[in-house]
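Breakdown of the fold
These are the residues of each chain, in order.
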Amino acid sequence: PNPDKTYTLLFQWKDAQKNDQLRPVTLNDQTVISIDGKFSKIADITPDVLHKKVIATVGADMVTAVLLKFGRAPLQVSSDQLTPEQITALKAVAPVATATSNATLDKRVAGIVSSLKLNAPAREARLTTILVNNLRDVRDAHNAGFAPGKSVHETLNAGLQADLTPEQIETVKDALTDGQVMRDFNAYHQIIPELSAEDDKVILGYLREARELALDVKDANQPRTSEPTFKPFKTKIQDYVTAHGHDWKTLYKKFVDAQKATTTPPATPAAEPAAATATKE
């Protein structure tokens, strides 16, 4: 601890030549601290925590820590939990979005809007603005190390509801999340063919709830990034079907075994043909 109520953390290591290196990093009440992914305070940094893998991201002065991350887990915090000063500091050290990244998002949005066939230029323009702003806000927040706040999600939903029907909104949200809701829903029917209409309602409810959260995930159209958001809801679905008379573990194993059995093994490569004489055209 320092007299000005800041703290100094000393990083000590050996360089490639085995020489001792020492670097001080200053912590203050605006330093964002992550301990195993949990948004924490300086008081939470116990001696045990100090033995974890740690990375300090410093500001422009190269001394004051903007972000101090203990452990490998990503920080679970939204902009609603941070102060304006913390948000500004994190954004200042975040990677700057490139023109290529912006162009990729713009192209993706154009494809989504075009697929709706609205035939209404004004509505298409408003929808384009809503989607572009949303995707950029979500991307920029995650690049800075935090999740977007509630207002980003609320603005997206309000914009969609203003110009689209419920069916069209479903189409847009499915496009933003790689159609994971229906892909998983169909998989449940393959695993348990006798699911009832009431079962369908419950399962779709959980999957759509997961999708809503996935909309705040960067690159939610890529399953590898949105799957962690869906996983807790899939556990709820498995608990539900088990409680309603289905032996989930047995049925799932049977489904996986059947998938493996129907997978065609790669063909054995044919013998290499005799080398032909190259000709130049």
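Structural data are supplied above this passage.
This report concerns the structure included in the present document. Because the structure is a prediction, the values reported are computed rather than measured.

Some details on unusual backbone geometry
We note that Lys-18 has phi near 70 degrees; this positive angle belongs to a residue other than glycine. Residue Lys-18 is classed as exposed on the basis of its relative accessible area of 64%. Within the chain, Met-62 stands out as a residue other than glycine whose phi angle is a positive 65 degrees. Position of Met-62 relative to the elements: it lies in the loop between β5 (54-58) and β6 (65-70).

Brief notes about the packing of helix α6 (residues 180-191) against helix α7 (residues 197-214)
Between α6 and α7, whose axes approach to 10 Å, the crossing angle comes to 150 degrees. Classified by the angle between their axes, α6 and α7 sit roughly antiparallel to one another. Crossing hand, α6 versus α7: right-handed. When α6 is examined against α7, the residues Val-181, Met-182, Asp-184, Phe-185, Tyr-188 and His-189 are found in contact with a partner set consisting of Asp-200, Ile-203, Leu-204, Leu-207, Arg-208 and Arg-211.

Looking at the packing of aromatic side chains
A full pass over the atoms with the stated rule returns two aromatic pairs. Measuring from centroid to centroid gives 5.8 Å for Tyr-188 and Trp-248, while their planes differ by 50 degrees, and the two rings are tilted. With Tyr-188 in helix α6 and Trp-248 in helix α9 (residues 248-262), this pair connects stretches of sequence that are 60 residues apart. Since its relative accessible area comes to 5%, Tyr-188 is described here as buried. Look at Trp-248 and Tyr-252: their rings are 5.5 Å apart centre to centre, the planes differ by 20 degrees, and that puts the pair in the stacked class. Of the two residues, Trp-248 and Tyr-252 both sit in helix α9, four residues apart, roughly one turn of that helix. Connected via pairs of aromatic rings, a cluster forms that spans Tyr-188, Trp-248 and Tyr-252.

Calculation notes
Each chain has its residues counted from 1, following the order in which its sequence is written. In keeping with the predicted nature of the model, local features appear solely for residues at pLDDT of at least 70, side-chain atom pairs appear and are counted solely at 80 or more, and the whole-chain, interface and lining totals rest on all residues. With hydrogens and water excluded, all non-hydrogen atoms of the structure serve as input to the side-chain values. With a 1.4 Å probe rolled over the protein chains alone, any residue whose accessible area is under 20% of its type maximum counts as buried; one over 50% counts as exposed, and the rest are partly exposed. Here a strand is any run of E in DSSP of at least two residues, a helix any run of H or I of at least four, and the numbering for each starts at the N terminus. The convention used is that axes are lines fitted to C-alpha atoms, helices contributing only their stretch in contact, and that angles between N-to-C directions extend from 0 to 180 degrees. Here the angle decides the label: under 35 degrees means roughly parallel, over 145 means roughly antiparallel, 65 to 115 means roughly perpendicular, and every other value means oblique. The sense of a crossing depends on the near helix, which, turned anticlockwise from the far helix by less than a right angle, makes the crossing left-handed and, turned clockwise, makes it right-handed. Here a residue-residue contact requires only that any non-hydrogen atoms of the pair lie within 4.5 Å. Only the six-membered ring of Trp is used, alongside the rings of Phe and Tyr, when aromatic pairs are assigned; centres must lie within 6.5 Å, and planes under 30 degrees apart are stacked while those over 60 apart are edge-to-face, with the rest tilted.

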